[in-house]
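In case you want the letters, here they are:
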Amino acid sequence: MNTSNNTPAAPASPIKGPADGMVVPLTARKSPKKVLKAEELRRASAKALAYSNTVRWTDGDKALTAYTDANTVVWCAAEVEAVLSRVVRSDKPLFTLTKTPGGRKRWVATPLGKEFIGLLGPNGGFVSVIQEFDHHAFHPLIELFWKHAAPLASLHHKLGMPGEIEEVIACAKAIRKEAATPAFRKRRSKHLKHVRQNTESLLAYIDGLFDHWGRLLVIRLDLGYKRDFVNGEGDAVIDYAQVREHREAFLEYLNSGAFPSVLRGFAWSLEMGRTASYHFHWLLFIDGHESQQDITLARVLGEHWDKVITEGKGRYHNCNADRYPDRGVGMIDYWNSDRMEALKVRVATYLTKQDYLIRTLVEDGKTFSHGRLPLVRPNSGRPRKYTSAGDRD
């Protein structure tokens, strides 16, 4: 898990700790321990990737531009992982040998076999996935599929030519054999552990923030670059070194006196798309007693990214301005279980679960981070009426 060394800005008044100087334990509003299953991660990952590839940006002319660069490809990758997961878990045949009324033998695909065939050939689309996400690493099952199925890319679903079914059977057999090896199992387990750790770390971080400050203004902001600096040539193209510098400058601004509000916490994830190039998804936690205008504040941040940090090369999308049910952003109180659930399930986990299928590759390997919790709880604010979201009078 990657965590940032940047800490949220200190409160305006000094923080006073316990008399004995010990760290205050985080006891309130803990999320129940939950094992994040592969099926859940798969669905969330596909939704998150589909969302990230339909990001709307506010360009310099203030016009919102909607576009898609990989929606079909994203769901194709999710389908490959889902089907391969079922294939390697089962030892059932993909085809059965039957006889026609005339006494001739023929192969008939089982339901699982039909799913597997659907991944092959030009309609399977796995070649386009590689082309679309050439700066990424994939789920081990997806890479395993490509390794053994690449020679079958010219097949069609009907498998009419002699020997084609035998090729598919041999391919599935090779996949199952490698998937059962200790080396592959270790690699797959490590991949899943990485995503789980990041997700669980972010959820615990959010619990800790609301344990310290009961009311927080939550901002969801997408920061990227204008098309001219994504699709240009030579020095005009934004590279990862610049992206990293811009991220650090944005964090420095958030923690500076120039930022008009008090930052209590943050999380970010970096993604890469062929059309959108590098872009960040930010989750910001602002002191809810200091600021209340989330849409306005998000706009200020977006404009600062565009005009100051990137010197006119950037663009942004103010997610707080979107109006849809269960947004999980805006003003959230620790006792409001519905909003807390939306924040965690619909917003926060998108920053980490998208790595389950496809992970952006960068030089330093850092594509996700969040802030650190203060060591002691602030001594200000009203006493809490409830000890947890479920303990109302």
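Residues numbered from 1 in each chain as written. Predicted model: local features only at pLDDT ≥ 70, side-chain atom pairs only at ≥ 80, totals over all residues. Heavy atoms only, no water.

Caption draft 1: Local environment of the overall build of the protein chain. Counting its regular elements, the protein chain contains eleven helices and twelve strands. Put simply, of all contacts in the protein chain between residues at least 6 apart along the chain, 77% involve residues at least 24 apart. Counting every atom, the protein chain has about 19500 Å² of accessible surface; 53% of that belongs to carbon and sulfur. (Helix = DSSP H or I, 4+ residues; strand = E, 2+ residues; numbered from the N terminus. Contact = heavy atoms within 4.5 Å. Areas by Shrake-Rupley, 256 points an atom, 1.4 Å probe, with all protein chains shown as cover.)

Caption draft 2: Geometry of the packing of aromatic side chains. The tally for this structure, following the rule as stated, stands at twelve aromatic pairs. Centroid distance Y225 to W305: 5.7 Å. Interplanar angle 55°. Geometry classified as tilted. Pair noted here: Y225 is in strand 6 (residues 215-225) and W305 is in helix 9 (residues 294-309), with a separation of 80 residues, a long-range link. (Phe/Tyr/Trp six-rings, centres within 6.5 Å; stacked < 30°, edge-to-face > 60°.)

Caption draft 3: Up close: the nonpolar core. L84, F116 and F145 are the most contacted members of the largest nonpolar core, which totals 37 residues. Put simply, the parts of the chain that give this core at least two residues each are helix 2 (71-89), helix 3 (111-118), helix 5 (140-149), helix 6 (164-179) and helix 7 (182-212). Looking at this core, the element that brings in the most residues is helix 2, giving seven residues. Excluding its chain neighbours within four sequence positions, the residues that come into contact with L84 are F116, L119, L141, F145 and I175. (Core = buried A, V, L, I, M, F, W, Y, C linked by side-chain atoms within 4.5 Å. Buried < 20%, exposed > 50% of the residue type's maximum accessible area, 1.4 Å probe, protein only.)

Caption draft 4: Seen up close, the pattern of salt bridges. Inspection of every chain in the model, using the stated rule, returns eleven salt bridges. Across the salt bridge formed by R264 and D287, the nearest N and O atoms sit 2.6 Å from each other. Separated by 23 residues along the polypeptide, R264 in strand 7 (residues 263-273) and D287 in strand 8 (residues 277-287) bring together distant segments of the chain. Accessibility classification places R264 together with D287 in one group, the buried group. (Salt bridge = Lys/Arg side-chain N within 4 Å of Asp/Glu carboxyl O.)

Caption draft 5: Spotlight on the environment of K147. Mapped onto the elements of the fold, K147 is located in helix 5. Given a relative accessible area of 54%, K147 falls into the exposed group. Spatially, the C-alpha atoms of K147 and A174 are 10.0 Å apart, while their sequence positions differ by 27 residues.

Caption draft 6: The arrangement of the pairing of strand 8 in detail. Most of strand 8 sits inside the fold, with eleven of its eleven residues counted as buried. Note: strand 6 against strand 8, eight bridges, orientation antiparallel. Across the sheet, residue R220 finds its bridge partner in strand 8, namely L283. In this structure, strand 7 lies alongside strand 8, joined through ten bridges in antiparallel fashion. By the bridge assignment for strand 8, W268 is matched with W282. (Pairing = 2+ DSSP bridges.)

Caption draft 7: Broad picture of helix 6. Look at helix 6: 23 Å from first C-alpha to last across 16 residues, which is about the 22 Å you get at 1.5 Å a residue. Every buried residue belonging to helix 6 is among E164, I165, V168, C171, A172, I175, R176 and A179, and all of these are buried. Each buried residue of helix 6 sits inside an arc of 130° when the element is viewed along its axis, so together they form one side. Away from the buried face of helix 6 by more than 90 degrees, exposed residues K173 and K177 are located. (Expected span 1.5 Å × (residues − 1). Arc of directions from axis to C-beta.)

Caption draft 8: Structural context of a nonpolar patch on the surface. A grouping of L97, W107 and I169 is seen on the molecular surface, where their side chains present a nonpolar patch of about 250 Å² in accessible area. For I169, a relative accessible area of 31% gives the class partly exposed. (Patch = residues over 30% accessible without salt bridge, like charges linked within 9 Å, V, L, I, M, F, W, Y side chains within 5 Å.)

Caption draft 9: Region of the structure containing the confidence of the model for the protein chain. Confidence along the protein chain averages 77 in pLDDT terms, with 71% of residues attaining 70 or more. Ranking the elements of the protein chain by mean pLDDT puts strand 2 (residues 64-65) last with 50 and helix 8 (residues 240-254) first with 95. Counting interchain partners and residues more than four positions distant, the pLDDT-below-50 stretch residues 1-32 has 75 contacts. (pLDDT = per-residue confidence, 0-100.)

Caption draft 10: Main features of the environment of G371. Note that G371 resides in the segment after strand 12 (368-370). Given a relative accessible area of 2%, G371 falls into the buried group. In this structure the C-alpha to C-alpha distance between G371 and Y205, which are 166 residues apart in sequence, comes to 8.1 Å.

Caption draft 11: Broad picture of the side chain of K226. Note on placement: K226 falls in the loop between strand 6 and helix 8. Its relative accessible area of 16% is what places K226 among the buried residues. For K226, the side chain forms a polar contact with the side chain of D306, separated by 2.8 Å. (Polar contact = N/O pair within 3.5 Å; in protein donor to acceptor, adjacent residues only side chain to side chain.)

Caption draft 12: Spotlight on unusual backbone geometry. At E311, a position not held by glycine, the phi torsion is positive, near 55°. Along the chain, E311 falls in the loop between helix 9 and strand 9 (314-318).

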